[in-house]
Amino acid sequence: MCKSCSYFSAWHIYFNSFGMEDINPNYIGIAAGIFTAASMLPQLVKIVREKKANDISIPMLLILITGLLLWIFYGIVKNDLPLIVTNAFSFLVNSLLVFFSLKYKKKKA
């Protein structure tokens, strides 16, 4: 067994000692996806309310969106609906962030 595999096995035994063997791993993945997808919602709401987006990094968002598209593609290849849905929602939120950031970014004089 590889060294890193034994670490994962140890964690598995540790978590199972708390009765977690009955938890469906898909529920953990769905919860993680929901929180990750919703993480940018407060920023989106702030930009739309204040109509200001001067400190938002468009390149960072474009890199993130590229990663999200790859996660969606990976989810399609793996036929993993929770992965597809949560990353598609993140893609939508981050695309709206780019749109409103460009719309409300002040032009430099």
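Residues numbered from 1 in each chain as written. Predicted model: local features only at pLDDT ≥ 70, side-chain atom pairs only at ≥ 80, totals over all residues. Heavy atoms only, no water.

1. Overview of helix 4 (residues 58-78)
Here's step 1: Compared with an ideal rise of 1.5 Å per residue, which puts 21 residues at 30 Å, helix 4 spans 30 Å between its outermost C-alpha atoms and is within 8% of the ideal.
Here's step 2: The set of residues buried in helix 4 consists of Ile58, Leu61, Ile65, Leu68, Ile72 and Gly75. The arc that holds the buried residues of helix 4, viewed along the axis, is 90 degrees, so those residues lie on one side. Helix 4 presents Pro59, Ile63, Leu70, Phe73 and Val77 as exposed residues on the side facing more than 90 degrees away from its buried surface. (Helix = DSSP H or I, 4+ residues; strand = E, 2+ residues; numbered from the N terminus. Expected span 1.5 Å × (residues − 1). Buried < 20%, exposed > 50% of the residue type's maximum accessible area, 1.4 Å probe, protein only. Arc of directions from axis to C-beta.)

2. Details of unusual backbone geometry
Here's step 1: Within the chain, Lys51 stands out as a residue other than glycine whose phi angle is a positive 55 degrees.
Here's step 2: Relative to the elements of secondary structure, Lys51 occurs in the loop between helix 3 (41-50) and helix 4.
Here's step 3: A positive phi angle, near 55 degrees, is found at Asn79, a position not held by glycine.
Here's step 4: Under the relative-accessibility criterion, Asn79 is labelled exposed at 70%.

3. Section: the packing of aromatic side chains
Here's step 1: Taken as a whole and judged by the stated rule, the model has three aromatic pairs.
Here's step 2: Look at Trp71 and Tyr74: their rings are 5.7 Å apart centre to centre, the planes differ by 80 degrees, and that puts the pair in the edge-to-face class. Residue Trp71 and its partner Tyr74 are both found in helix 4; the two are separated by three residues, about one turn of the helix.
Here's step 3: Residue classification places Trp71 among the partly exposed positions, given a relative accessible area of 45%.
Here's step 4: One aromatic cluster in this structure is built from Phe99, Phe100 and Tyr104. (Phe/Tyr/Trp six-rings, centres within 6.5 Å; stacked < 30°, edge-to-face > 60°.)

4. Thoughts on the packing of helix 2 (residues 25-38) against helix 5 (residues 81-104)
Here's step 1: Axis separation between helix 2 and helix 5 bottoms out at 8 Å; the angle between their running directions is 5 degrees. Viewed along their axes, helix 2 and helix 5 adopt a mutual orientation that is roughly parallel. Of helix 5, the residues touching helix 2 (which contributes Ile30, Gly33, Ile34, Thr36, Ala37 and Ala38) are Pro82, Thr86, Phe89, Ser90 and Val93.
Here's step 2: When its residues are assigned to classes, the contact of helix 2 with helix 5 shows seven nonpolar, four polar and no charged. (Axes fitted to C-alpha atoms, helices over the stretch in contact; angles between N-to-C directions. Parallel < 35°, antiparallel > 145°, perpendicular 65-115°, else oblique. Contact = heavy atoms within 4.5 Å. Nonpolar A, V, L, I, M, F, W, Y, C, P; charged D, E, K, R; others polar.)

5. Regarding a nonpolar patch on the surface
Here's step 1: Residues Leu41, Phe89, Leu92 and Leu96 make up a contiguous nonpolar surface patch of about 300 Å² in total accessible area.
Here's step 2: Among the elements that line the nonpolar patch, the one with the most residues is helix 5, at three residues.
Here's step 3: Mapping Leu41 onto the fold places it in helix 3. (Patch = residues over 30% accessible without salt bridge, like charges linked within 9 Å, V, L, I, M, F, W, Y side chains within 5 Å. Areas by Shrake-Rupley, 256 points an atom, 1.4 Å probe, with all protein chains shown as cover. Salt bridge = Lys/Arg side-chain N within 4 Å of Asp/Glu carboxyl O.)

6. What to know about the side chain of Ser101
Here's step 1: Relative to the elements of secondary structure, Ser101 occurs in helix 5.
Here's step 2: Within the structure, Ser101 has its side chain in polar contact with the backbone oxygen of Leu97 (distance 2.6 Å).
Here's step 3: In this structure, Ser101 is in contact with Ile47, Ala53, Ile56, Ile58 and Leu61, ignoring residues within four places of it in sequence. (Polar contact = N/O pair within 3.5 Å; in protein donor to acceptor, adjacent residues only side chain to side chain.)

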